[in-house]
Amino acid sequence: DESIYLAEVLWIEAGDHKSIIHTRSGDITTTTIFKQFCAELEDADFIKPIRFALVSLDAIEGIPGEDIKLIDGTIIGVSRDMRKEVKRAYTDYKMKKLLKKGGVL
């Protein structure tokens, strides 16, 4: 088994009986089911914008319109039901990071 640091994970994609972990250095296919990743990362800085993707809030470059744009250029759609939640989570995450760095509002 290969160790993967959460800071390296951009997003995790559900596949047929497998998951694809998209990292800063490449993709890793695993037999771990997507539902397990969702459960394990529930309290981490990840959000599920659509049923087949779990996205690191740290990997989001922006939310132009109805999609998420990741730092590697990947575009992931956001389901209509999740749009407000995704924008709120991303804004809260950015605010938390700013305050941690001692930024001024």
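Cut-off values and rules
- Residues numbered from 1 in each chain as written.
- Predicted model: local features only at pLDDT ≥ 70, side-chain atom pairs only at ≥ 80, totals over all residues.
- Heavy atoms only, no water.
- Helix = DSSP H or I, 4+ residues; strand = E, 2+ residues; numbered from the N terminus.
- Buried < 20%, exposed > 50% of the residue type's maximum accessible area, 1.4 Å probe, protein only.
- Polar contact = N/O pair within 3.5 Å; in protein donor to acceptor, adjacent residues only side chain to side chain.
- Contact = heavy atoms within 4.5 Å.
- Pairing = 2+ DSSP bridges.
- Axes fitted to C-alpha atoms, helices over the stretch in contact; angles between N-to-C directions.

Colleague: So, the side chain of Thr-23: which residues are in play, and what are the values?
Modeller: When you line up the elements, Thr-23 lands in strand 2 (residues 18-23). Note on Thr-23: relative accessible area 8%, which makes it buried. Side-chain polar atoms of Thr-23 contact the backbone oxygen of Gly-26, separated by 2.6 Å. Excluding residues within four positions of it along the chain, Thr-23 makes contact with Ile-4, Glu-8, Val-9, Leu-10 and Ile-28.

Colleague: Pulling in residues and values, what's your account of the sheet that holds strand 2?
Modeller: Strand order across the open sheet formed by five strands is 3-2-1-5-4, with antiparallel pairing between neighbours. The outermost strands of the open sheet, each flanked by one partner alone, are strand 3 (26-30) and strand 4 (46-50). Going from strand to strand, the sheet's axes swing by 20 degrees on average, the running direction of each strand aside. Relative to strand 5 (residues 53-56), strand 1 (residues 9-15) runs antiparallel, the two sharing three bridges. Note on strand 5: the bridge partner recorded for Ile-12 is Leu-54.

Colleague: Before we move on, could you go through the side chain of Ser-56 and cite the residues and values that matter?
Modeller: Within the element layout of this structure, Ser-56 appears in strand 5. Owing to a relative accessible area of 6%, Ser-56 belongs among the buried residues under this scheme. Filtering out sequence-adjacent residues up to four positions away, Ser-56 remains in contact with Val-9, Leu-10, Asp-45 and Phe-46.

Functional significance is not addressed by these values, which are geometric in nature.
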